[in-house]
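Overview (structure and organization)
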Amino acid sequence: MPLQFDLSTRPAILPLYFRALTARKPGSFSGDEEQVLASVTLHNQPIDRALLRAYREVCGFAPGQYLPATYPFVLAMPLQLKLLVSEAFPFPVLGVVHTGNRITQHRPLRDDDVMEIRCDLCPPVAVKRGYEFELITSVRVAGDLVWECVSTLLSRAQHQQRPKSRGASAGQAGGVPDLSEATSTTWWVAADTGRRYASISGDRNPIHLCAPTAKLFGFPRAIAHGMWTKARCLAALETETFAGALPDRFTLDVAFIKPVFLPTEVCFQSQQGDHTTVFSVTSVGGKRAHLTGSLVHD
């Protein structure tokens with residue numbers, strides 16, 4: 001029977017981080033790969049307009065009546081962390097890597113919508129690099145499904161069972177996109193980007209905050225949140241590619257490849273087709289790929 005949580009308020013972040021640091025985990029999995037391990041549902045979640053404005057500013061979105069499609073991920077992050085620190089998740093949370101993220105928007109969310117947010121923790125699957133698993137998040141308004149997200153994550157825990165070959169996960173189906181006719185622009189990513197995004201999202205992982213805390217975990221400098229990079233791409237697509245008006249329905253799929261060390265300058269490229277726009281974030285000069293993705297619409 002899956003572990004289930006039913007909440008009326010978002011869980012506090014700091015106790016969850018403390019548990020992430022202290023909880024003992026078996027570090028292996030031999031359970032049912034077909035059954036959801038745990039679920040959490042948050043009811044009647046309104047939009048904090050001040051937090052939304054701050055999110056728009058740090059990610060580069062223009063003001064508007066609709067939520068950026070990446071914003072519900074911020075609201076769901078404490079729910080996802082609650083599942084990862086629960087007894088249902090068998091691996092240490094520290095060291096888990098976000099490798100891909102796919103968001104499907106069925107209709108734009110308005111800032112006066114009241115949401116029900118559900119997160120499901122899917123069983124880990126042994127793969128070559130460790131264990132791969134998915135967190136599936138959905139948002140409903142008045143009972144209607146309006147937004148979905150699949151986050152693919154990797155734990156590099158050792159395993160005894162033979163790794164399995166699995167289909168392309170979120171962000172990885174298209175590989176490196178063809179950007180031979182792409183438009184490009186450069187972004188300066190400031191040193192405080194991780195701290196600013198952390199203050200809004202609640203994701204205060206030390207690797208994102210400053211160089212001294214990042215070095216404790218083996219990074220030479222702080223790195224940008226992957227979901228900040230994805231949001232910054234969506235903001236650029238909205239303003240530059242779609243002239244300020246994204247389609248109502250679309251799927252935004254990315255693969256996180258290499259971290260963005262702060263501060264730095266990066267290159268954003270995008271190429272628009274009839275129903276698919278492909279894009280990437282690389283180092284200036286293109287030697288280091290940070291993210292690749294696609295936006296697919298009707």
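Refer to the preceding data block for the structure.
Below you will find a few notes about this structure.

Procedures and definitions
- Residues numbered from 1 in each chain as written.
- Predicted model: local features only at pLDDT ≥ 70, side-chain atom pairs only at ≥ 80, totals over all residues.
- Heavy atoms only, no water.
- Helix = DSSP H or I, 4+ residues; strand = E, 2+ residues; numbered from the N terminus.
- Buried < 20%, exposed > 50% of the residue type's maximum accessible area, 1.4 Å probe, protein only.
- Salt bridge = Lys/Arg side-chain N within 4 Å of Asp/Glu carboxyl O.
- Contact = heavy atoms within 4.5 Å.
- Patch = residues over 30% accessible without salt bridge, like charges linked within 9 Å, V, L, I, M, F, W, Y side chains within 5 Å.
- Areas by Shrake-Rupley, 256 points an atom, 1.4 Å probe, with all protein chains shown as cover.
- Phe/Tyr/Trp six-rings, centres within 6.5 Å; stacked < 30°, edge-to-face > 60°.
- Lys NZ or Arg CZ within 6 Å of the ring centre and 35° of its normal.

Some details on unusual backbone geometry
Glycine aside, residues mostly have negative phi, and peptide bonds are mostly found in the trans state. The omega torsion of the bond from leucine 262 to proline 263 falls at -10°, within 30 degrees of zero and hence cis. Mapping proline 263 onto the fold places it in the loop between strand S9 (250–256) and strand S10 (264–272). With a phi close to 55°, asparagine 44 is a non-glycine residue in the positive phi region. Within the secondary structure, asparagine 44 is located in strand S2 (residues 38–45). Residue asparagine 44 is classed as exposed on the basis of its relative accessible area of 62%. Here alanine 243, not a glycine, exhibits a phi torsion of approximately 50°, which is positive. Looking at where alanine 243 falls in the secondary structure, it is placed in the loop between helix H6 (226–241) and S9. The exposure class of alanine 243 is exposed, given its relative accessible area of 70%.

A few points about the pattern of salt bridges
All told, the structure shown has six salt bridges when counted by the stated rule. Where aspartate 113 meets arginine 107, a salt bridge forms, and the shortest distance between an N and an O atom there is 3.0 Å. Note on aspartate 113: relative accessible area 4%, which makes it buried. Given a relative accessible area of 24%, arginine 107 falls into the partly exposed group. With a closest N to O distance of 3.3 Å, arginine 110 and aspartate 113 form a salt bridge. Look at arginine 110 and you get partly exposed, because its relative accessible area is 36%.

Looking at the environment of valine 114
Position of valine 114 among the secondary structure elements: in the loop between strand S3 (97–105) and strand S4 (115–121). A sequence separation of 70 residues divides valine 114 from asparagine 44, and the C-alpha atoms of the two residues are 5.6 Å apart. Contact partners of valine 114, with chain neighbours within four places excluded, come to Asn44, Gln45, Arg140 and Val141.

Side note on a nonpolar patch on the surface
Where nonpolar side chains cluster on the molecular surface, the patch consists of Leu21, Leu94, Leu216 and Phe217 and spans about 430 Å² of accessible area. Structurally, the position occupied by phenylalanine 217 is in the loop between helix H5 (211–215) and H6.

A word on the packing of aromatic side chains
Per the counting criterion, the structure on display carries nine aromatic pairs. A centroid spacing of 6.1 Å and a plane angle of 15° characterise the contact between tyrosine 55 and phenylalanine 61, whose relative ring orientation is stacked. Just as tyrosine 55 is buried, phenylalanine 61 falls in that class too. Considering the side-chain rings of phenylalanine 89 and phenylalanine 91, the 5.6 Å spacing of their centres and the 80° angle between planes classify their relative orientation as edge-to-face. The class of phenylalanine 89 is buried, set by a relative accessible area of 0%. Grouped by ring-pair contacts, the aromatic residues Tyr55, Phe61, Tyr71 and Tyr197 constitute a single cluster. The ring of phenylalanine 5 carries lysine 82 above its face, with NZ or CZ at 4.7 Å from the centroid.

Take it as geometry only, folks, not as evidence of what the structure does.
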